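Fold and geometry: a report
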Amino acid sequence: MAKSGKTDTAAPPNRPGLTFHVPEPPFRPGDAVDYSFLDIPPPDRIPRPDETVEARQVHDLAYGLVRVLGDDHEASGSWDPRLDPAMLLRMLRKMALLRAFDDRMFRAQRQGKTSFYLKSTGEEAVAIGAALALDREDMCFPSYRQQGILLARDYPLVRMIDQIYSNRDDPLFGRQLPILYSAREYGFFTLSGNLTTQYPQAVGWAMASAAKGDTRIAATWCGEGSTSEGDFHNALTFAAVYNAPCVFNVVNNQYAISTYPGFAGSERTTFAARAIGYGIPGIRVDGNDILAVWSATRWAADRARLNLGPTLIELFTYRAEAHSTSDDPSVYRSAQERQEWPLGDPITRLKRHCIARGIWDLERQEAMDLEVASEVASAQKEAETHGILGHGLHQPDTTMFQDVFEHMPWHLREQCEQAIRERALKWPERP
Amino acid sequence: MTASMTMTQALNSALAVMMARDDGVMVLGEDVGYFGGVFRVTAGLQEKFGKHRCFDTPITECGIIGAAIGMAAYGLRPVPEIQFADYIYPGLDQIISEAARIRYRSAGDFTCPITIRLPFGGGIFGGQTHSQSPESLFTHISGVKTVVPSNPHDAKGLLIAAIEDNDPVIFMEPKRCYNGPFDGYYDRPAKSWAGHPDAEVDEGYYRVPLGKARIVREGQDLTVLAYGTMVHVTRQVLAEHGIDGELIDLRTLVPLDIETIETSVKKTGRCMIVHEATRTSGFGAELSALVQERCFYHLEAPIERVTGFDTPYPHSLEWSYFPGPIRIGEALARLMRG
Ligand SMILES: Cc1ncc(C[n+]2csc(CCOP(=O)(O)OP(=O)(O)O)c2C)c(N)n1
């Protein structure tokens, strides 16, 4: 068989042969980790501009790093939202709850109670901070790693676990992979397993809201790896063209599955800077500083509400654990990264800040940790009375055929009868 | 020299053999480089051939396939991996409007020798976006070939033939069979490939030609047309029912080995088609039409199609969805009565 290459290899003289570049992450398993190459500015290196500023005047925001909490755990600078203690403690509690929930559900998967789980450990500030800065009525088009939005909006934990277990109370009838929630009443769009599809959808929702003279805005999230998909760019183009009231979030947690952000273009520029080419503001934010996340989100939301259109926010953070229960990061990254991560842990940072402000102490923290853990445990216990993932015994087979269409056509009715017959043969004792 | 290999290892071996023989063979895709792929098919290739021959890509299926087409236009033989068949949809325009038509629209001025690898099929509790069998989307396109191996030996030989083929090939890997031949009984201990005759794989170069089906089991009572995982499932069901069926593993859907099919159906007079994909406009519809057109006067019973249901692939009900032993058994009974 012919080898490949009916190629014209005769290079003109005096020209170097071309090469292409394959990015290489800074660290691999076993490597010593040193993040000193990251520029971590103090709070307020770039002060907060007025919301009405023109996009072209704030290019530097896309290359900086908005921070509020300094290394001394004090909040300072013009981005400090000066939230009241109640709000700070609410943030702290929601993040702790999210971490406890993730830990417990991860273990539930390991115990065989479900097929899959995906944590957001280390990224809690991203979803909780944004959800608390948005209005409860604003519409979220998240990726699979923003379960924190549901927690921030007080979605019942039991229902989340019902979904994770695909049990008989699962609001999605066991149809979806665990964690791919849908919660319209909570402003949480049905999650797809396919990356970045939610981005242009958020823009469409925002345009529709604007078309109706509504006041609600849309917000959407994707990982930095997902910015490579065409839908990311489709969304930004649409939003820029129609000045859609939409907040775009790119969660740069340093990993797609095994690949680092260099494979999404981070060697040349920031993800926030993607905004510049579209003529919209881009802000790069310390994603482990919940006050910075809140503040940047509110800035972008205010712009959208003032009919000043879309903003892109990059949340710079670190995926502290595996991509999902199907992944083992020790084979592609250095175990030392997590402890060396220069932006710390979002919960620890807010905790220290609250202590420094005199509104919190370690005793109360300990009590709260126990409370959230038991809150999760009792939700889990209740959900388990509705069943854990079984081989389809929790849902009647009819649920498989419902909602394909509004009305079931003849061929699905026939297939449904077939499925019911098969079940009766397979499990005569459990119709 | 032969060795016992899983399908994953056999595919890896095919890639390694071809990368060694031809420096225009490039492996690219999400997580295929340093990590070696989420299913481990490309494990070790980057280490062996360097990161300019086997590399990670940005997460854009459209970009991956488009870039592969460009590499092929230059004269290379790229082998892109799409992490799950379910994620190929953003790349469909590059396949349908581009890869499939480049030879035709340029009258052979440009060609597109790319092999797009797609792990497909359900049975891993993957829900609707890790379970689909989209083969009929590709068989419906003029200008791409569609190949589906069912065992390690064929997987290697077919992948080598696909890479050497001068046209675009969609190479669909039944992920439920990566580690063993799945017989449809998810509730029994999983079988491995160890000791299976089709898992004895030549460690060197060999081809299994595209467009040639394989008669897995000769028989007189009826003809079964299957591919991928369903070959193993139907084989088990035939044995359970003690039916002397002729089981044909199609191996290539386009171009189809119509001769083998026609000869068999004319001999047995009965035909059952089995696939995991949804029923309506599935590849079974095409097979059924062909058999009817060519063997009508030899048929002693209506052709049976056993398929997945016309719903998205459900998570918890996946074994109710899967065309398993009961569904196949019922169709067999109808066919043998007829
Ligand atoms: C269209 C599509 N392609 C590929 C995948 C497989 N996949 C799932 S998650 C993932 C990595 C995403 O990384 P990133 O966007 O950085 O988000 P993160 O998981 O880090 O939150 C990949 C490649 C998918 N789900 N959808």
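The rules we used
Residues numbered from 1 in each chain as written. Chains lettered and ligands numbered in written order. Predicted model: local features only at pLDDT ≥ 70, side-chain atom pairs only at ≥ 80, totals over all residues. Heavy atoms only, no water. UniProt positions renumbered as here; feature names shortened; annotations may be inferred. Helix = DSSP H or I, 4+ residues; strand = E, 2+ residues; numbered from the N terminus. Rg over C-alpha atoms; globule rule 2.2 N^0.38 Å. Buried < 20%, exposed > 50% of the residue type's maximum accessible area, 1.4 Å probe, protein only. Areas by Shrake-Rupley, 256 points an atom, 1.4 Å probe, with all protein chains shown as cover. Lys, Arg positive; Asp, Glu negative; His and termini not counted. Charge placed at Lys NZ, Arg CZ, Asp CG, Glu CD. Pairing = 2+ DSSP bridges. Axes fitted to C-alpha atoms, helices over the stretch in contact; angles between N-to-C directions. Core = buried A, V, L, I, M, F, W, Y, C linked by side-chain atoms within 4.5 Å. Parallel < 35°, antiparallel > 145°, perpendicular 65-115°, else oblique. Left-handed = near helix turned anticlockwise from the far one by under 90°. Contact = heavy atoms within 4.5 Å. Expected span 1.5 Å × (residues − 1). Near = heavy atom within 4 Å. Polar contact = N/O pair within 3.5 Å; in protein donor to acceptor, adjacent residues only side chain to side chain. Nonpolar A, V, L, I, M, F, W, Y, C, P; charged D, E, K, R; others polar.

Going by what an unreviewed UniProt entry lists, chain A is known as 2-oxoisovalerate dehydrogenase subunit alpha and is assigned to Novosphingobium flavum. The heading Cofactor (unreviewed entry) in the UniProt record of chain A holds the text "thiamine diphosphate". The record held by UniProt for chain A lists under Catalytic activity (unreviewed entry) the comment "N(6)-[(R)-lipoyl]-L-lysyl-[protein] + 3-methyl-2-oxobutanoate + H(+) = N(6)-[(R)-S(8)-2-methylpropanoyldihydrolipoyl]-L-lysyl-[protein] + CO2".

What follows is about the overall build of chain B. What chain B contains, in helices and strands, is 12 helices and 14 strands. Here chain B has a C-alpha radius of gyration of 19 Å; the compact-globule value for 338 residues is 20 Å, and the two agree. Across its three principal axes, chain B shows a C-alpha extent of roughly 60 × 45 × 40 Å. Within chain B, buried positions represent 66% of all 338 residues. Summed over all atoms, the accessible surface of chain B reaches about 11400 Å², with 52% contributed by carbon and sulfur. Counting 31 positive and 41 negative side-chain charges, chain B places the centres of these two groups 2 Å from one another.

With that settled, the discussion passes to the sheet that holds strand β10 (residues 222–226) of chain B. Residues and elements named next belong to chain B. Spatially, five strands are ordered β9-β11-β10-β13-β14 in an open sheet, and the strand pairing comes out mixed. Each end of this open sheet is capped by a strand with a single partner; those strands are β9 (214–217) and β14 (304–308). Each adjacent strand pair in this sheet contributes to an overall mean axis angle of 25 degrees, direction not counted. Both β10 and strand β13 (residues 271–278) contribute to a ladder of three bridges, which runs parallel.

Ranked by size, the top nonpolar core spans 81 residues in total, and within it M91(A), F101(A), Y181(A), W221(A) and V285(A) carry the most contacts. One finds L389(A), A10(B), V17(B) and A301(B) within the second-largest nonpolar core, a separate group that totals 72 residues.

Residue and element names in this part refer to chain A. Across the interface, helix α1 (residues 85–110) lies against helix α8 (residues 290–305) with an axial gap of 11 Å and an inter-helix angle of 110 degrees. For the element pair α1 / α8, the angle class is roughly perpendicular. In terms of crossing hand, the pair formed by α1 and α8 is right-handed. Contacts from M87, L88, M91 and M95 of α1 reach α8 at I290, L291 and W294.

Bringing helix α3 (residues 61–74) of chain B into the picture now. Residue and element names in this part refer to chain B. The terminal C-alpha atoms of α3 lie 20 Å apart, and with 14 residues this matches the ideal 20 Å at 1.5 Å per residue to within 8%. Three or more residues of α3 are buried, namely E61, I64, I65, G66, A68, I69, M71 and A72. The elements touched by buried residues of α3 are β2 (25–29), β3 (54–56), β4 (77–81), α4 (92–98), α5 (102–105) and β5 (115–120). Trailing α3 by a residue or two, G75 shows a phi angle of about 125 degrees, which is positive.

We now examine the site of the ligand. Neighbouring residues of the ligand: 20 residues in total, closest Y144(A), G193(A), S226(A), Y255(A) and E61(B). The environment around the ligand is built from residues contributed by chains A and B. Here a nitrogen atom of the ligand and a backbone polar atom of G193(A) are 2.8 Å apart. H323(A) has a polar side-chain atom sitting 3.3 Å from an oxygen atom of the ligand. In isolation the ligand exposes 580 Å². Once the protein is present, 96% of that is buried. Of the residues contributing to the shell around the ligand, the split by class is seven nonpolar, eight polar and five charged.

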